[in-house]
Amino acid sequence: MKYLISPMLVLAALIANGQDPQPLPARSIFKISPQHFTQRQLKIGFERLNRSYSQSLSLYLNGLLAWSDDYGYEEDYSGLGAELQYRKYLVPLAGRTTKKGNTYYRGIYFSGYLQGGRYSGTQSGTSYNYDHSTGTSTSTPYNYKEDIGNWGGGFTFGFQQTLWSKIFFEVYIGGGLQFADRNTSGNVPDSPYYYYFYDSGITALDYQGILPKIGLQVGIGL
């Protein structure tokens with residue numbers, strides 16, 4: 001049996017040989033998003049399928065603690081986000097049999113989602129300014145509180161497949177729009193160097209614009 005999703009699936013397929021599959025996949029699936037660990041976030045979710053495995057609703061929660069950007073600036077944010085997703089399986093989850101007689105379930109879906117989150121943290125450090133006319137530099141300590149909210153929505157296309165009728169692997173691609181607000185209070189740095197290093201890319205909590213949505217999820221049937 002060939003799995004083309006990822007090396008993880010190839011390894012899992014080798015382990016799966018010789019196992020007795022269950023007659024039907026679970027309708028309730030607990031999921032985790034591995035790629036969010038790279039952003040120091042934990043994202044978990046729950047998908048509930050209808051009786052024909054052709055539609056589902058999913059709810060995800062993600063938490064964030066002690067995030068830092070690629071330049072080493074510590075920005076200790078904490079907060080919670082949520083995502084609600086509706087899926088329409090264009091190819092409903094249905095059983096298929098390999099040449100070796102093993103059964104697995106596969107489906108292809110289109111989804112629409114809404115998501116949002118709220119995060120806060122206290123930042124401190126030192127900002128630097130350089131005066132080209134005098135050739136002198138000054139340093140100013142800063143300490144301020146920051147509150148960030150983001151929200152948005154979009155769509156994805158995804159592929160989901162089972163191992164042992166209990167383990168679910170899923171890959172998806174899509175995108176949408178994200179909006180955000182960012183409020184600060186306290187002694188905010190005015191150095192241009194600080195804002196140069198401030199993370200303003202698509203992984204920033206206060207990013208606004210078109211946001212790609214690509215990833216992998218692993219789940220277990222309940």
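Just so you know, these numbers come straight off a predicted model, no measurement behind them.

1. Re the side chain of Asn62
Consideration 1: Considering the arrangement of structural elements, one finds Asn62 in strand E3 (residues 55–65).
Consideration 2: A polar side-chain atom of Asn62 sits 2.8 Å from a polar atom in the side chain of Gln41.

2. Let's talk about the nonpolar core
Consideration 1: Core analysis: the biggest nonpolar cluster contains 8 residues, these being Ile29, Leu49, Tyr53, Tyr89, Leu93, Tyr109, Phe168 and Tyr172.
Consideration 2: Sequence-distant contacts of Tyr109, that is, excluding residues within four places in its chain, are made with Gln85, Arg87, Lys88, Tyr89, Leu90, Thr156, Phe157, Gly158, Phe159, Glu170, Val171 and Tyr172.
Consideration 3: Ranked by size, the runner-up nonpolar core spans 5 residues in total, among them Leu64, Tyr77, Tyr119 and Leu205.

3. Some words on the pairing of strand E1 (residues 28–32)
Consideration 1: Both E1 and strand E2 (residues 41–49) contribute to a ladder of 5 bridges, which runs antiparallel. Across the sheet, the residue bridging to Ile32 is Ile44, located in E2.
Consideration 2: In this sheet, strand E8 (residues 209–221) lies alongside E1 in antiparallel orientation, the contact comprising 4 bridges. Each bridged residue has a counterpart across the sheet, and for Phe30 the counterpart in E8 is Ile220.

Cut-offs and rules
Starting afresh in each chain, residues are numbered from 1 along the sequence in its written order. Confidence filtering applies because this is a predicted model: local features only for residues at pLDDT of at least 70, side-chain atom pairs given and counted only at 80 or more, and all residues used for totals across whole chains, interfaces and linings. Side-chain numbers come from the whole structure's heavy atoms, not from hydrogens or water. Runs of E in the DSSP output that reach at least two residues are strands. Runs of H or I that reach at least four are helices, and both are numbered from the N terminus. Pairing of N or O atoms within 3.5 Å defines a polar contact, subject to two protein rules: one partner must be a possible hydrogen donor and the other a possible acceptor, and residues neighboring in sequence count only if both atoms are side-chain atoms. What makes a nonpolar core is a set of buried Ala, Val, Leu, Ile, Met, Phe, Trp, Tyr and Cys residues whose side-chain atoms join them at distances within 4.5 Å. Classification of residues uses two cut-offs on accessible area relative to the type maximum, computed with a 1.4 Å probe and protein chains only: under 20% is buried, over 50% is exposed, and between them is partly exposed. Whether two residues are in contact is decided by their heavy atoms, any of which lying within 4.5 Å being enough. Think of it this way: DSSP has to see at least two bridges between two strands before they count as a pair.

Fair warning: the whole summary comes from geometry, so function is off the table for now.
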